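Tertiary structure, described
Spelled out from the first residue to the last, the chains are:
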Amino acid sequence: MRSRMVTLVLTLACLTMCSGLHAQLPAIQQKELGELPPCVHADSTAALRFPGDTMALGHFHALLDSLTSGVPGQINIWHIGGSHVQGGIFSYRLMTNLQNAVPGLKGDRGFLFPYRLASTNQDKTYICSSTGEWTGARASKPSKTFKPRYGITGLAARTEDSTATVSFNLRISADSCYTFDAVRVLGYPEGEAFPIVLSGADTLHFEEDSTGIGYMFRLPEMTDSVTVGFSIKPGASFTFRGIQPISGRSGINYFASGVNGAMLSTWLDRCEDMPAELPLVRPDLAIFALGINDSACKQADFNVERFKNNYRRLVAHVRAVNPDCDIIFITNNDSYRWSRRTLTYNYNGATVQQAMYELAQEAGAAVWDLYEIMGGRQSVLGWQDAGLVRKDRIHFTHRGYVLLGDMLYNAIVDDYYKNRE
């Protein structure tokens, strides 16, 4: 039987037809994953689909053309979803594939948050710690005692402790360092309170932010880590919603907004400050990966028209910030769902798949059909047997998420070169 590994490697013969002024974006080969099992449809099935405009990613392609030809600039990508995004493996793999494809594409890595303060699993693609007393929550699981205003991270942690700190370190390995010389702190005070940044022996105070959103700090030099403290008067508090490390260098800036259990309504209705913070991203490419939690119900209870209308609202938010923003819809993975503490099959996968094709046609967007890539109905069992999906038949394993990041990257690169022939 012919190895399926070769099907994941894109044919880049078209590169010879492209201008020599542009650097070549290589396809990813799955050497560390080994031979792919038959359940993985890594051939043309894994390509981007275009229900309407085949040039749906034209804006993104033009910006990529400019960057790869050496023109200074930035591309902003926003990847929004639930636990598949919060876990960080999928989004981090796709981000690093894009940023490492060509020297000069390494931009910034978007928003960071100390997830453990919200009693949820930490994204392990950066190191985070905290001190002091905190109360945290996430938009998908509102707290009965703490009702913050959520923003684009969907997470919040409040402190009344003037000794409280949160620290971030982006150097998880020698070759994955993201340096920055400015940082924006997201959040808001109640009473006399504001953030400060601790840099060595110095205490830095915020400057006026031209965006009017958050608190901007200029650091004395490039660094890969930062500690945020707070000046809090008695009776006051500060609600922290994350940080945005900023370098200002050319490249691809990748913003990931993921919250366990998040549905479209979580972001649209509970994250009231998300539209105000979306200009911080001003996405050139939005990757929409919401739907698995929206559809985790009986078929009779899934309102597909409400689902589509909610997505239309999200598209409107993005296009209000950048009318040229391109969009990729990621269909639901084939999955099970929890019902009365028992796993039962989720029959709504095909319905969400069809809805996303219809939405993509309306919005002039692309579809990455994960449901079909897996093999459709009940294919999750094969992926579980192959060690790519966890026992809950909802989430992927580390190996599975890495595979998704590589396959989506290859699909994006393949479409980029097809449209440059």
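Residues numbered from 1 in each chain as written. Predicted model: local features only at pLDDT ≥ 70, side-chain atom pairs only at ≥ 80, totals over all residues. Heavy atoms only, no water.

1. Description of the overall build of the chain
The helix and strand inventory of the chain stands at 10 helices and 17 strands. On C-alpha atoms alone, the chain measures out to a radius of gyration of 21 Å, which is about the 22 Å that the 2.2 N^0.38 rule sets for 421 residues. With respect to the three principal axes, the spread of C-alpha positions in the chain is 70 × 60 × 40 Å. Out of the 421 residues in the chain, the part that is buried amounts to 58%. Partitioning the contacts of the chain with sequence separation of at least 6, the portion at a separation of at least 24 is 79%. Looking at the chain as shown, the accessible area adds up to about 17,300 Å², and 49% of this sits on carbon and sulfur atoms. (Helix = DSSP H or I, 4+ residues; strand = E, 2+ residues; numbered from the N terminus. Rg over C-alpha atoms; globule rule 2.2 N^0.38 Å. Buried < 20%, exposed > 50% of the residue type's maximum accessible area, 1.4 Å probe, protein only. Contact = heavy atoms within 4.5 Å. Areas by Shrake-Rupley, 256 points an atom, 1.4 Å probe, with all protein chains shown as cover.)

2. Quick notes on the environment of Ala46
With respect to the helices and strands, Ala46 occurs in the segment before helix H1 (58-68). Residues Ala46 and Ser199, 153 residues apart in the sequence, show an inter-C-alpha distance of 46 Å. Setting aside residues no more than four positions away along its own chain, Ala46 makes contact with His41, Trp368, Ile373, Met407 and Ala411.

3. Details of the environment of Asp334
Mapped onto the elements, Asp334 comes out in the loop between strand E14 (326-330) and strand E15 (336-339). Exposure remark for Asp334: the relative accessible area of 1% places this residue in the buried category. C-alpha of Asp334 to C-alpha of Ala256: the two residues are 78 residues apart in sequence and 22 Å apart in space. Setting aside chain neighbours within four positions, we find Asp334 in contact with Tyr345, Tyr371, Met374, Gly376, Arg377, Gln378, Ser379, Val380 and Arg393. A polar side-chain atom of Asp334 sits 2.3 Å from a polar atom in the side chain of Tyr345. A polar contact of 2.9 Å, which involves the side chain of Asp334, links it to the backbone nitrogen of Val380. (Polar contact = N/O pair within 3.5 Å; in protein donor to acceptor, adjacent residues only side chain to side chain.)

4. Comments concerning the sheet that holds strand E9 (residues 215-223)
With antiparallel pairing, 5 strands are arranged side by side in an open sheet as E3-E4-E11-E6-E9. Two strands lie at the open edges of the sheet, namely strand E3 (135-138) and E9, each paired on one side alone. Taking each pair of neighbouring strands and ignoring which way they run, the sheet shows an average axis angle of 30°. Strand direction decides the pairing type here: strand E6 (residues 180-190) and strand E11 (residues 237-246), joined by 9 bridges, are antiparallel. Paired with Glu190 across the strands is Ser237, a residue of E11. (Pairing = 2+ DSSP bridges. Axes fitted to C-alpha atoms, helices over the stretch in contact; angles between N-to-C directions.)

5. Some words on the state of the cysteines
Taken as a whole, this structure holds 0 disulfides when the rule is applied. Take Cys271: it sits in no disulfide, and the sulfur closest to it among the cysteines is that of Cys325, at 18 Å. (Disulfide = S-S within 2.5 Å.)

6. Points about unusual backbone geometry
Glycine aside, residues mostly have negative phi angles, and peptide bonds mostly take the trans form. A positive phi angle is found at Arg341, which is not glycine, with a value near 65°. Topologically, Arg341 is positioned in the loop between E15 and strand E16 (342-345). By relative accessible area, Arg341 is classed as exposed at 82%.

7. Considerations on the confidence of the model for the chain
Mean pLDDT over the chain works out to 91, with 92% of the residues at or above the 70 mark. Here residues 1-21 scores under 50 on pLDDT; set against residues more than four positions off or in separate chains, the count is 42 contacts. (pLDDT = per-residue confidence, 0-100.)

8. Overview of helix H6 (residues 304-321)
An ideal rise of 1.5 Å per residue puts 26 Å on 18 residues; H6 measures up with 26 Å between its terminal C-alpha atoms. Every buried residue of H6 is accounted for by Phe307, Lys308, Asn310, Tyr311, Leu314, Val315, Val318 and Val321. All buried residues of H6 lie within an arc of 160° about the axis, which places them on one face of the element. Away from its buried face, by an angle of more than 90 degrees, H6 presents the exposed residues Arg306 and Ala320. N-capping of H6 is provided by Asn303, with a side-chain oxygen placed 3.2 Å from the backbone N of Glu305. (Expected span 1.5 Å × (residues − 1). Arc of directions from axis to C-beta.)

9. Considerations on the packing of H1 against helix H10 (residues 398-418)
Axis separation between H1 and H10 bottoms out at 11 Å; the angle between their running directions is 85°. The orientation of H1 with respect to H10, classified from their angle, is roughly perpendicular. Seen from H1, the contacting residues are Phe60, His61, Leu64, Asp65 and Thr68; seen from H10, they are Ile412, Asp415 and Tyr416. (Parallel < 35°, antiparallel > 145°, perpendicular 65-115°, else oblique.)

10. Some thoughts on the pairing of strand E5 (residues 165-169)
Of all 5 residues that make up E5, 4 are buried, and the element is covered over most of its length. Relative to strand E10 (residues 225-232), E5 runs antiparallel, the two sharing 4 bridges. In the sheet register, Phe168 faces E10, and the bridge partner there is Val226.

11. A short note on the sheet that holds strand E2 (residues 127-131)
In spatial order, the strands read E2-E5-E10-E7-E8; together these 5 strands make up an open sheet with antiparallel pairing. Edge positions in the sheet fall to E2 and strand E8 (202-204), since each of these pairs with one other strand and no more. Recorded for the sheet is a direction-independent mean angle of 25° between the axes of neighbouring strands. Note: E2 against E5, 5 bridges, orientation antiparallel. Following the sheet pairing, Ile127 is matched in E5 by Asn169.

12. Examining the packing of aromatic side chains
Tallying each qualifying case throughout the model produces 23 aromatic pairs. Look at Phe113 and Phe240: their rings are 6.0 Å apart centre to centre, the planes differ by 20°, and that puts the pair in the stacked class. Here Phe240 lies in strand E11 and Phe113 lies in the loop between helix H3 (89-100) and E2, a separation of 127 residues in the sequence. This pair shows no difference in class: Phe113 is buried, exactly as Phe240 is. With relative accessibility at 0%, the residue Phe240 sits in the buried group. Aromatic rings pair up to connect Phe113, Tyr115, Tyr126, Trp134, Phe168, Phe194, Phe206, Tyr215, Phe217, Phe230, Phe238 and Phe240 into one cluster. Stacked on the ring of Tyr178, the Lys or Arg Lys106 has its end atom at 4.3 Å from the ring centre. The ring of Tyr188 has Arg149 sitting right over it, with the charged end atom 4.0 Å from the ring centre. (Phe/Tyr/Trp six-rings, centres within 6.5 Å; stacked < 30°, edge-to-face > 60°. Lys NZ or Arg CZ within 6 Å of the ring centre and 35° of its normal.)

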